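Here is how the chains run, residue by residue.
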Amino acid sequence: MSAAESTDESIPRLPFDQSGLMELPPRFAELRENDPIVKILTPVGDPAWLVTRHEDVKKLISDARLGRSHFDPPNAPRYSAAVILGGPRGEYETEVVDHTKARQVLIPSFSAQRMRSLRPRIQRTVDDLLSRFQELPQPADFHQEIAKRLPVFVISELLGIPFADREQLGTWSQGTFHTSDQQVAVTAMLEMREYIAKFIELKRAEPADDVITDLVLKQQETGFPPDDAIQTYVSTLIIAGFETSVSFTDYGTLLFLRNPDQRALLEADPGLAPRAVEEILRFAPASDACITRYAREDFEYKGTRISEGDLIALSPQTANRDPRVFREPERFDITRNENPHMTLAYGLHYCIGAPLVRVMLDVLYQTLFARLPELRLAVPLDELVSRNNVLTGGLTSLPVAW
Amino acid sequence: MKVWIDQSRCLNSRQCEETAPRVFSIADDGLAYVRQNDRLLDQPGGETCQANVPDEDQDAVDTAAYECPGQCIHVIEQP
């Protein structure tokens, strides 16, 4: 039991105790059923409203009365010590306009059409990674060799960053998520921005087929976005994309290794891969982390009075297992026809990287078991450890044999 | 009311299909298309394919357009 709970029994404090690596802490489901909008304390002890039902997460995740910024950032309640997702982001006065402009300019570079044209390059990356993997002595670490590399490679390819720098970007990205050491995160962020600044210059001189070039050309055409905005967009894309995708790749593979019936279905019909990807996104306990918002005004929601500046923590993972929306929600079922999970958010806040993560996981799971039909876990499940100091969760290692 | 989709900005969220299933569909290529009289207007899709929206679907289409993550649903109000 945490310190806050022992002093005040009535207010639950995050993180909740986890019963197993593959499970969401049971306290989340209890609250969803009995107390769907409840005052809690965040992992750093600040008050917040925890929202757990699908209907409410969907409604509030893109509600115009909520935002990411705060009128008094230094004194705003924080979710964690992490620089990026731990507290308020952006300018309070201009947040809505800034967000709209950012999406307006970025969406064509991330659209489903654009991602489809990237598919052959993603397939080549997956093939190369698996070929190298097959040559390693067994058991080998899927987390280190595949899950940590594939998303970094794919996102770097899209952004237009040379091969040699990708590992460094992965390290910075992981650094910014550090929740236990603030200085690690701040330094990682500054170094990454500096790196991107140099790259903007480079793309200006030598345009290529990538996102940074798209933004530089847009700037030359329309005067927007300025360099510092490009730095913010690109670093945010790297941070939001890298670590979350590493977790999905780890857990997606683990889910198939732990559910042989579902793996057999996929092997018999690779056409199920797109549905399997949605189910991985729904089910993977990538982390118990919440999506955070701040109220921009006083309002009442379903009988709860919320005040301007209040922190609201939306739990997509708990919403994704809401029995009001999903039949047999605790079952990993790759044949689900409708899968309106909240993992990629909703509405005007929907994840801009969604088409990218879909193509990446689709290629991986159409290829993985065809190339390594004997792939299996090389250690007992209880020896796997989740990455607790990284906000997005994931595993520290995933030893496999084949 | 008429509606069309700018597919160069579609993020494949499937939200439009969930919100107004009689007017929008995601095809096998992962992109959103408009429907008319139960038929997918996919030749070629985009601005040249505008579907008439039945009165009873107009509110759902307005919601889908407002919530669209790619902001790529274009509604044409007719007098």
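Procedures and definitions
- Residues numbered from 1 in each chain as written.
- Chains lettered and ligands numbered in written order.
- Predicted model: local features only at pLDDT ≥ 70, side-chain atom pairs only at ≥ 80, totals over all residues.
- Helix = DSSP H or I, 4+ residues; strand = E, 2+ residues; numbered from the N terminus.
- Rg over C-alpha atoms; globule rule 2.2 N^0.38 Å.
- Buried ≥ 20, exposed ≤ 12 C-beta atoms within 10 Å, placed from the backbone.
- Axes fitted to C-alpha atoms, helices over the stretch in contact; angles between N-to-C directions.
- Left-handed = near helix turned anticlockwise from the far one by under 90°.
- Contact = placed C-beta atoms within 7 Å.
- Nonpolar A, V, L, I, M, F, W, Y, C, P; charged D, E, K, R; others polar.
- Pairing = 2+ DSSP bridges.
- Expected span 1.5 Å × (residues − 1).
- Bend = angle between axes of the 7 residues up to and from the residue.
- Core = buried A, V, L, I, M, F, W, Y, C linked by C-beta atoms within 7 Å.

> Please provide a residue-by-residue account of the overall build of chain A, values included.
Of the regular secondary structure elements, chain A holds 15 helices and 10 strands. In terms of overall dimensions, chain A is globule-like: its C-alpha atoms have a radius of gyration of 21 Å, near the 21 Å expected for 402 residues. Dimensions of chain A along its principal axes, counting C-alpha atoms only, are 55 × 55 × 40 Å. Burial analysis of chain A (402 residues in total) assigns 44% to the buried set.

> So, the overall build of chain B: which residues are in play, and what are the values?
Looking only at helices and strands, chain B features two helices and six strands. Along chain B, helices (α) and strands (β) appear in the sequence β-α-β-β-β-β-α-β when read from the amino end. Taken over the C-alpha trace, chain B has a radius of gyration of 11 Å; the compact-globule value for 79 residues is 12 Å, and the two agree within 12%. Viewed in the frame of its principal axes, chain B has a C-alpha envelope of about 30 × 25 × 20 Å. By the burial criterion, 39% of the 79 residues in chain B qualify as buried.

> An account of unusual backbone geometry is needed here, citing residue identities and associated values.
Of note, the bond from Leu 14 of chain A into Pro 15 of chain A is cis; its omega dihedral lies within 30 degrees of zero at -5°. With respect to the helices, strands and loops of the structure, Pro 15 of chain A is situated in the loop between α1 (3-7) and α2 (26-34). For the peptide bond that leads from Phe 224 of chain A to Pro 225 of chain A, omega is 0°, which places it in the cis range. The residue Pro 225 of chain A is located in the loop between α10 (211-222) and α11 (227-258) in this model. Even without being a glycine, Asn 12 of chain B presents a positive backbone phi close to 55°. Tracing the backbone shows Asn 12 of chain B in the loop between β1 (2-5) and α1 (15-19). A residue is classified by how many C-beta atoms lie within 10 Å of it, and Asn 12 of chain B, with 22 of them, is buried. If you check the backbone angles, Arg 14 of chain B has positive phi at about 70° while not being a glycine. Secondary-structure assignment places Arg 14 of chain B in the loop between β1 and α1.

> For the packing of helix α5 (residues 112-134) of chain A against helix α15 (residues 354-371) of chain A, give the residues involved together with the corresponding values.
Residue and element names in this part refer to chain A. Relative orientation of the contacting elements α5 and α15 amounts to 35°, with a least axis distance of 9 Å. Our pair here, α5 against α15, has a crossing hand that is right-handed. Contact residues: Ala 112, Met 115, Leu 118, Arg 119, Ile 122, Gln 123, Val 126 and Leu 130 in α5; Pro 355, Leu 356, Val 359, Met 360, Val 363, Leu 364, Thr 367 and Arg 371 in α15. Of the residues in the contact of α5 with α15, the class split is 12 nonpolar, two polar and two charged.

> So what's going on with helix α8 (residues 166-176) of chain A? Residues and values would help.
Every buried residue belonging to α8 of chain A is among Leu 169, Gly 170, Trp 172, Ser 173, Gln 174, Gly 175 and Thr 176 of chain A, and all of these are buried. In this fold, the buried residues of α8 of chain A make contact with α7 (150-159), α9 (182-205) and α11 of chain A.

> Could you give an account of the sheet that holds strand β1 (residues 37-41) of chain A, naming the residues involved and the relevant values?
One open sheet holds the five strands; their spatial order is β1-β2-β8-β5-β3 (chain A), and the pairing between them is mixed. With partners counted over all chains shown, the strands left at the sheet margins are β1 and β3 (66-67) of chain A, one partner each.

> Tell me about the environment of Gly 271 of chain A, residues and numbers included.
Residues and elements named next belong to chain A. Mapping Gly 271 onto the fold places it in the loop between α12 (260-268) and α13 (273-283). According to the C-beta neighbour criterion, Gly 271 is exposed, with 10 such atoms within 10 Å. Placed 206 residues apart in sequence, Gly 271 and Arg 65 show a C-alpha to C-alpha distance of 41 Å.

> Quick rundown of the interface of chain B and chain A? Include the residues and the values.
Tallying the contact residues gives 13 residues for chain B and 15 residues for chain A. Tallied by class, residues from the side of chain B that touches chain A come to four nonpolar, six polar and three charged.

> So what's going on with helix α4 (residues 95-110) of chain A? Which residues, and what values?
Residue and element names in this part refer to chain A. Helix length check: α4, at 16 residues, gives a terminal C-alpha distance of 21 Å against a target of 22 Å (1.5 Å per residue), a fit within 8%. The largest bend along α4 reaches roughly 30° and is located at Gln 104, with the proline Pro 108 sitting one to four residues downstream. Residues of α4 that are buried in the fold lie against α5, α10, α11 and α15.

> Would you mind going over the pairing of β1 of chain B in detail, with residue names and values included?
Residues and elements named next belong to chain B. Pairing of β1 with strand β5 (residues 51-52), which is carried by two bridges, proceeds in the antiparallel orientation. Looking at the pairing, Lys 2 lines up with Asn 52 of β5. In this sheet, strand β6 (residues 73-76) lies alongside β1 in antiparallel orientation, the contact comprising four bridges. Bridge assignment links Trp 4 to a residue of β6, and that residue is His 74.

> Describe the nonpolar core, and please don't skip the residues or the numbers.
All names here are of chain A. Ranked by internal contacts, the top residues of the largest apolar core, which has 117 residues, are Ile 280 and Met 360. The leading source of residues in this core is α11, at 13 residues. When neighbours within four sequence positions are excluded, Ile 280 is seen to be in contact with Phe 248, Tyr 251, Gly 252, Leu 255 and Leu 361.

> How would you summarise the environment of Asn 12 of chain B if you had to cite specific residues and measurements?
Taking the C-alpha atoms as reference points, Asn 12 of chain B and Cys 68 of chain B, 56 residues apart in sequence, are found 9.9 Å from one another. Excluding anything up to four places from it in sequence, Asn 12 of chain B contacts Ala 112, Ala 354, Pro 355 and Arg 358 of chain A together with Ile 26, Gly 30 and Leu 31 of chain B.

> Outline the packing of α13 of chain A against α15 of chain A, supporting the account with residue identities and numerical values.
Residue and element names in this part refer to chain A. Their axes nearest at 9 Å, the elements α13 and α15 cross at an angle of 115°. As for how α13 packs across α15, the hand of that crossing is right-handed. Here α13 contributes Ala 273, Pro 274, Ala 276, Val 277 and Ile 280 to the contact with α15, which in turn contributes Arg 358, Leu 361, Asp 362, Tyr 365 and Gln 366. Residues of the contact of α13 with α15, tallied by class, amount to seven nonpolar, one polar and two charged.

> So what about the sheet that holds strand β10 (residues 399-401) of chain A? Which residues, and what values?
Residue and element names in this part refer to chain A. One open sheet holds the three strands; their spatial order is β4-β10-β9, and the pairing between them is antiparallel. The two strands at the open ends of the sheet, each matched to only one other strand, are β4 (140-141) and β9 (376-377). Across two bridges, β4 lies against β10 in antiparallel orientation. The residue of β10 that forms the bridge with Ala 140 is Val 400.

> Could you give an account of the pairing of strand β2 (residues 47-51) of chain A, with specific residues and numbers?
Where a strand is regular, its side chains alternate between the two sheet faces. All names here are of chain A. Pairing analysis gives five bridges linking β1 to β2, with the strands arranged antiparallel. For Val 38, the partnering residue across the bridge sits in β2 and is Leu 50. Between the antiparallel neighbours β1 and β2 lie five residues, among them Gly 45 with a positive phi of about 90°. As judged from the three bridges shared by β2 and strand β8 (residues 311-314), these two strands associate in the parallel manner. Each residue of the ladder has a partner; that of Trp 49, found in β8, is Ile 312.

Geometric values such as these leave the question of function open.
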